[in-house]
Structures are given as structure tokens and as C-alpha cells.
Amino acid sequence: MHERNFTEIHAQLRAFCMCQVYDGLSYKLVLEFPSGYPYKAPTVKFETPCYHPNVDSSGNICLDILKEKWSALYDVRTILLSVQSLLAGDCLTVFG
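Residues numbered from 1 in each chain as written. Predicted model: local features only at pLDDT ≥ 70, side-chain atom pairs only at ≥ 80, totals over all residues. Heavy atoms only, no water.

A. Focus on the nonpolar core. Among the nonpolar cores identified, the biggest contains 22 residues, and Tyr27, Leu29, Phe46 and Ile61 are the most heavily contacted of them. Elements supplying a minimum of two residues to this core: β1 (8-14), β2 (26-32), β3 (43-46) and α1 (76-95). With five residues, α1 is the single largest residue contributor to this core. Those residues within four positions of isoleucine 61 in sequence are excluded, and the remaining contacts are Leu29, Val44, Phe46, Asn54, Val55, Leu66, Lys67, Val83 and Leu86. (Core = buried A, V, L, I, M, F, W, Y, C linked by side-chain atoms within 4.5 Å. Buried < 20%, exposed > 50% of the residue type's maximum accessible area, 1.4 Å probe, protein only. Helix = DSSP H or I, 4+ residues; strand = E, 2+ residues; numbered from the N terminus. Contact = heavy atoms within 4.5 Å.)

Below you can see the structure in the form of C-alpha cells.
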């Protein structure tokens, strides 16, 4: 029997935004959960290259809910929606 590891989740999300920059692109992410989860935020990184001001060349995401605004109430769905909104928000700022 294989031991399951729930400290790491691989996810894929599709960007939806009004502009053509990220719309329809698919991104792979990895979420790593520390032993103190849900009281400590997971580390979330893009596995797929993402050229965005809030993402560094290693795929690390600068997002307030993953840092100082983290709450134990946030779940995987909330995190993925926030990352998706980050990509869409950039389009709205530039083109809105």
C-alpha cells in the first residue's frame, strides 16, 4: 500500500480575463503545506512559466493572502481563485 502525501498538491488553473495577455492560458501550480497548516500559509509556486509582475523567475507568487493577510479560514479553492484573480486583475488595471 502506498503512503499518501497530502503536504503537496499539484493544481492547474486557466486564466480568464478581458484582455488577450493571459486569457485562456493554462498554468500548473504546486501548493506545499507546512506542518502548521492551516495556521501557517502554504507556499504556492507556478510550475509553468508565468510572466507577471507578482511572479518571480522561480515561480514564487507575491500575494498578500499568502503572507501577512493569511487566515486559517482560507482553503485551496480560495487560494486558486486569488491567483486567478491576480492574473485577471492585471488585465483590468492595464486595460480597464
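B. Summary view of the sheet that holds β3. Spatially, β1-β2-β3 is the arrangement adopted by the three strands of the open sheet, whose pairing is antiparallel. With partners counted over all chains shown, the strands left at the sheet margins are β1 and β3, one partner each. When strand polarity is set aside, the average angle formed by the axes of neighbouring strands in this sheet is 25°. Relative to β2, β1 runs antiparallel, the two being bridged by seven bridges. By the bridge assignment for β2, glutamate 8 is matched with glutamate 32. (Pairing = 2+ DSSP bridges. Axes fitted to C-alpha atoms, helices over the stretch in contact; angles between N-to-C directions.)

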